[in-house]
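# Secondary and tertiary structure notes
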Amino acid sequence: MQGLVGEVRPGQLVSSTQGRDAGRYYLVLHQSEDGFVLVTDGEYRGIEKPKKKNPKHIKVWPLVSESIGAKLASRSKVTNAEIMSELAELLKKLQEEPLLKG
């Protein structure tokens, strides 16, 4: 798997490296048993229809939305607005921390 971290967790920031969505940032919803990662950005790929990505085609960042991860773990409802808000916060952190950019 590309990126800075080997494993993905629910709520973790990832970016697409291949396909029409290359360069787009997402939050991880779930890693399925077949190894694919379900991701959402809350806007183009809402929580109701997540994108299925091959782990080889994503870059994993060491930033995690703990609130989204906790909600997903407890199977609480997560809204697209919450996803977009948390994604914006994580991207802001990524821009502020030059060491995270790899």
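The rules behind these values
Residues numbered from 1 in each chain as written. Predicted model: local features only at pLDDT ≥ 70, side-chain atom pairs only at ≥ 80, totals over all residues. Heavy atoms only, no water. Pairing = 2+ DSSP bridges. Helix = DSSP H or I, 4+ residues; strand = E, 2+ residues; numbered from the N terminus. Contact = heavy atoms within 4.5 Å. Phe/Tyr/Trp six-rings, centres within 6.5 Å; stacked < 30°, edge-to-face > 60°. Lys NZ or Arg CZ within 6 Å of the ring centre and 35° of its normal. Core = buried A, V, L, I, M, F, W, Y, C linked by side-chain atoms within 4.5 Å. Buried < 20%, exposed > 50% of the residue type's maximum accessible area, 1.4 Å probe, protein only.

## Focus on the pairing of strand E3 (residues 25–31)
- Here strand E2 (residues 12–16) pairs with E3 via three bridges, running antiparallel. Each residue of the ladder has a partner; that of serine 15, found in E3, is tyrosine 25.
- In this sheet, strand E4 (residues 37–40) lies alongside E3 in antiparallel orientation, the contact comprising four bridges. If you follow leucine 27 over to E4, its bridge partner there is threonine 40.
- Connecting E3 to the antiparallel partner E4 that follows it, the hairpin turn spans five residues, and glycine 35 within it adopts a positive phi of roughly 95°.

## Concerning the side chain of lysine 53
- Relative to the helices and strands, lysine 53 is located in strand E5 (residues 51–53).
- Among residues more than four places away in sequence, those in contact with lysine 53 are Ser16, Gln18, Asp21, Phe36, Val37, Val39 and Ile58.

## Focus on the packing of aromatic side chains
- Within the structure shown, the criterion is met by one aromatic pair.
- One cation-aromatic arrangement involves lysine 52 over phenylalanine 36; the distance from NZ or CZ to the ring centre is 4.8 Å.

## Description of the nonpolar core
- Grouped together as the largest cluster of nonpolar side chains are ten residues: Leu13, Leu27, Trp61, Leu63, Ile68, Val78, Ile83, Leu87, Leu90 and Leu94.
- Those elements that provide at least two residues to this core are strand E6 (58–64) and helix H2 (80–96).
- Looking at which element gives the most residues to this core, the answer is H2, with four residues.
- When residues no more than four places from it in sequence are discounted, the contact partners of leucine 90 are Gly11, Leu13, Leu27, Leu63, Val64 and Ser65.
- In this structure, Val14, Tyr26, Val28 and Val37 belong to the second largest nonpolar core, which totals eight residues.

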